[in-house]
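Chains, contacts and geometry: an overview
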Amino acid sequence: MGLVAMEAPPAAVALDEVNAFLRVATSEEDALIAGFVRSASAACEAFTGLPLMTREVREIVVPGSWRRLEARPVQAIEAVAAVANDGAETLLAADTYRIDIDAAGDGWVRVPSSERRASVRYTAGLAGDWNGLPEPLRQGIVRLAAHLYAERSGTASPPPACVTALWRPWRRMRLG
């Protein structure tokens, strides 16, 4: 059924690192650069299909067979609840459902068929903070933010190819 809510991610990049890359010495444009950083981080998440920073996710699943959770890598599965027709949730007893997190970081849940819908609360993301992110992802975000800053006048040149080259090994796609 899909992802219902994901809390807003913390800033994925240290503003100081982008300012240093841009050689910006003052804080006059920090708000502008921070916006470019948020855009670059969102683009990285969209391209890779991975939440960069660890955050709480709530997902509705259809009971029955094993279901893979959408956000990954999953750090922990906190709770599973039955969802009534009116949207009210009732926590399920731990012995009534099954959960698993595989070696690839995919989270799996199996809820009894007696429930119509279930809500799964879990934590997913690559890192707890900016310094925990893999260096290629960090560098791609910094370079894309710098590109957006340099192109803010609207010349519309394409982003540097090195950005996708840095992110491509982390890209996870599902077929079908």
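Notes on the structure in this doc start here. (Residues numbered from 1 in each chain as written. Predicted model: local features only at pLDDT ≥ 70, side-chain atom pairs only at ≥ 80, totals over all residues. Heavy atoms only, no water.)

What follows deals with the pattern of salt bridges. Inspection of every chain in the model, using the stated rule, returns eight salt bridges. For the salt bridge of glutamate 17 with arginine 138, the shortest nitrogen-to-oxygen distance reads 2.8 Å. On the criterion of sequence distance, the pair formed by glutamate 17 in helix H1 (residues 15-22) and arginine 138 in helix H3 (residues 135-150) is long-range, its members being 121 residues apart. Residue arginine 138 is classed as buried on the basis of its relative accessible area, which comes to 9%. The salt bridge partner of glutamate 89 is arginine 58, with a shortest N-O separation of 2.5 Å. Taken together, the positions of glutamate 89 in strand S5 (residues 89-91) and arginine 58 in strand S2 (residues 55-61) put the pair 31 residues apart, joining distant regions of the chain. (Salt bridge = Lys/Arg side-chain N within 4 Å of Asp/Glu carboxyl O. Helix = DSSP H or I, 4+ residues; strand = E, 2+ residues; numbered from the N terminus. Buried < 20%, exposed > 50% of the residue type's maximum accessible area, 1.4 Å probe, protein only.)

Mapping arginine 117 onto the fold places it in strand S8 (residues 117-124). In the structure, arginine 117 is positioned 14 residues away from alanine 103 in sequence and 27 Å away in space, judged by C-alpha atoms. For arginine 117, the side chain forms a polar contact with the main-chain oxygen of alanine 84, separated by 3.2 Å. (Polar contact = N/O pair within 3.5 Å; in protein donor to acceptor, adjacent residues only side chain to side chain.)

So, about unusual backbone geometry. That bond from arginine 72 to proline 73 is cis: its omega, 5°, falls within 30 degrees of zero. Following the sequence through the fold, proline 73 ends up in the loop between strand S3 (67-68) and strand S4 (74-83). For arginine 23, which is not glycine, the phi torsion reads 60° and is therefore positive. As for its placement among the helices and strands, arginine 23 is situated in the loop between H1 and helix H2 (30-48). The exposure class of arginine 23 is exposed, given its relative accessible area of 77%.

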